[in-house]
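Examination of the molecular architecture
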Amino acid sequence: MIVGVPKETFPDENRVALIPANVPHLIRAGFEVQVEAGAGTRSGYPDARYREKGAALIRNRADLFRSAHIILQVRGYCANPDVAEGDFDMIREQQVMIGFMKPCSNAKFVKNLAERKVVAFAMELIPRISRAQSMDTLSSMMTVSGYKAALLAANTLPKMFPLFMTAAGTITPAKVLIIGAGVSGLQAVATCKRLGAVVKAYDIRPAVKEQVESLGAGFVELDIQTEGTEGKGGYAREMGDEFYRKQRERMKRVVSENDVVISTAAIPGRRAPVLITADMVAAMAPGSVIVDVAAEGGGNCELTEIDRSVVKQNVTIIGKTNLPSTIPFHASQMYSNNITKFLLNMTREGKLVFDMDDEIIRDTMVSRDGEFLNTKIFQVVQETGQSQKENAESQEIPHTK
């Protein structure tokens, strides 16, 4: 079977799905590897490296799609709908597509793949179980995001992060608040601590307090009920409006005490909760910085503008999305390791075996043979289709006799 790695076409996407070092692993498993010429250039992996490791370079994208049985991408067709329409025309029945798919927010495009009878896997659906840790692309990319968010904050803040005792006087350390202590938040905590800032973190899940404190940061506790805030896989659950209202009331003072706020609170498949209001921003000292890592999901800050850095109330708010793409060499390395192990997990003697008793395969498979295999995605597609139908019916002009 042939594994194809096309060049990423999403705007400003610099990562590549497979790096040269992983090519031999697939060849030993019985695959042939084809890479579109230039696919790894922007992430620091030249064509020559792929050739040295045994991959064939394909100049024409259509030829790659035509010959490959399996397509590996960072952003699959569903996660790149504005640009990938041309790719859809090249996708074949029974072709296997693996990558980030954003299936919950792009149900229309998932439906397109299902109707084409594509076997599609969404890497963001990797279950949070011990056996799947080496394949967990979300955790890998969030690690990169948390690290880069800390650097952006340090670079933008008109203060230095660490304490300095100098002949010119004592420089007090910057105060940083991390909202959301998941993988991204914890990496932001660790990086800000290494840079010398005084760091505190807040999360609605009290269970993460020990992890925050193990990194040398303080844990912020608000006087609100936290029972039931942690969902399946350790992710934060979406809470009701009343919970978020109380949370915002108590958060204003905490936010205003800090020079930097890095917000990372995201709920898979849902809009990011608004945790930082305009009033909170106004209460921060001039020159303060907010880095909204959740910008792609709508943002945790009420004033965030997606993919822009803006100054509001004398506070700089950074809404940069796709932070892993800004460190493409190592982000690609981590993603490639994840996706390679995922592919090898369902490989037997050079052939793919879809063992539906395997939780990893079952939970990530979005479509196969024209059907939706993931019940959650099926529900989203059904709801989307019904909504579109109702919208169309509401716009019909009634006939008059």
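Above this text sits the structure in question.
Here the structure is a predicted model, which means the values were calculated and not measured.

Criteria and thresholds
Throughout, residues of each chain are indexed from 1 in the direction in which the sequence is written. Local features are withheld for residues below a pLDDT of 70 in this predicted model, meaning they are given only at 70 or higher, and side-chain atom pairs are given and counted only at 80 or more; totals for whole chains, interfaces and linings count all residues. To obtain the side-chain values, all non-hydrogen atoms of the structure were used and water was disregarded. Following DSSP output, two strands are said to pair if at least two bridges run between them. Runs of H or I in DSSP of at least four residues are treated as helices and runs of E of at least two as strands, each being numbered from the N terminus. What makes two residues a contact is simply this: any of their non-hydrogen atoms within 4.5 Å. Interaxial angle, 0 to 180 degrees, is taken between N-to-C directions of lines fitted to C-alpha atoms, where a helix line uses only the stretch in contact. Salt bridges are defined as contacts in which a side-chain nitrogen from Lys or Arg sits within 4 Å of a carboxyl oxygen from Asp or Glu. For a helix, the expected span equals 1.5 Å multiplied by the number of residues minus one. Type-normalised accessible area, obtained with a 1.4 Å probe on protein chains alone, sets the label of each residue: buried when under 20%, exposed when over 50%, and partly exposed for intermediate values. Here is the rule: rings of Phe, Tyr and Trp (six-membered ring for Trp) pair when centre to centre is within 6.5 Å. Planes less than 30 degrees apart are stacked, more than 60 are edge-to-face, and the remainder are tilted. Lysine and arginine charges are scored as sitting over a ring when NZ or CZ, respectively, is within 6 Å of the ring centre and within 35 degrees of the ring normal.

**Overview of the sheet that holds strand β6 (residues 119-122)**
- With mixed pairing, the 8 strands of this open sheet are ordered in space as β3-β2-β1-β4-β5-β6-β18-β19. Only two strands of the sheet have a single partner each, and these edge strands are β3 (56-58) and β19 (371-372).
- Pairing of β6 with strand β18 (residues 365-368) involves 2 bridges; the strand directions are antiparallel. Across the sheet, residue F121 finds its bridge partner in β18, namely M365.
- Contacting β1 (2-5), β4 (70-75), β5 (96-100) and β6, helix α11 (residues 328-345) runs over the sheet at an angle of about 145° to β4.

**As for the pattern of salt bridges**
- Taken as a whole and judged by the stated rule, the model has 17 salt bridges.
- For R131, the salt bridge goes to D358, with nearest N and O atoms at 2.8 Å. Of this pair, R131 sits in the loop between β6 and α6 (137-156) while D358 sits in the loop between β17 (351-352) and α12 (359-364); the two residues are 227 residues apart in sequence, bridging distant segments of the chain.
- Taking the shortest distance from any N to any O, the salt bridge between R368 and D369 comes out at 3.9 Å.
- Salt bridges here are not isolated pairs; linked through shared partners, they connect E13, R15, R75, K102 and E296.

**Concerning α11**
- Taking 1.5 Å of rise per residue, 18 residues should cover 26 Å, and α11 covers 25 Å from first to last C-alpha, within 8% of that figure.
- Turning to α11, its buried residues are P328, A331, S332, Y335, S336, N338, I339, T340, F342, L343 and N345.

**Things to note about the packing of aromatic side chains**
- All told, the structure shown has 6 aromatic pairs when counted by the stated rule.
- Taken together, a centroid distance of 5.0 Å and an interplanar angle of 25° make the contact between Y77 and F88 stacked. Taken together, the residues span a long stretch of sequence, with Y77 in the loop between β4 and α4 (85-88) and F88 in helix α4 at a distance of 11 residues. The exposure classification of Y77 matches that of F88, with both residues buried.
- For the ring pair F121 and F354, a centre distance of 5.8 Å and an interplane angle of 45° mean the geometry is tilted. With a gap of 233 residues between them, F121 in strand β6 and F354 in the loop between β17 and α12 connect regions that are remote in the sequence.
- By way of ring pairs, the aromatic residues Y77, F88 and F109 are connected into one cluster.
- One residue, R75, lies across the ring of F10, its end atom 3.8 Å from the ring centre.

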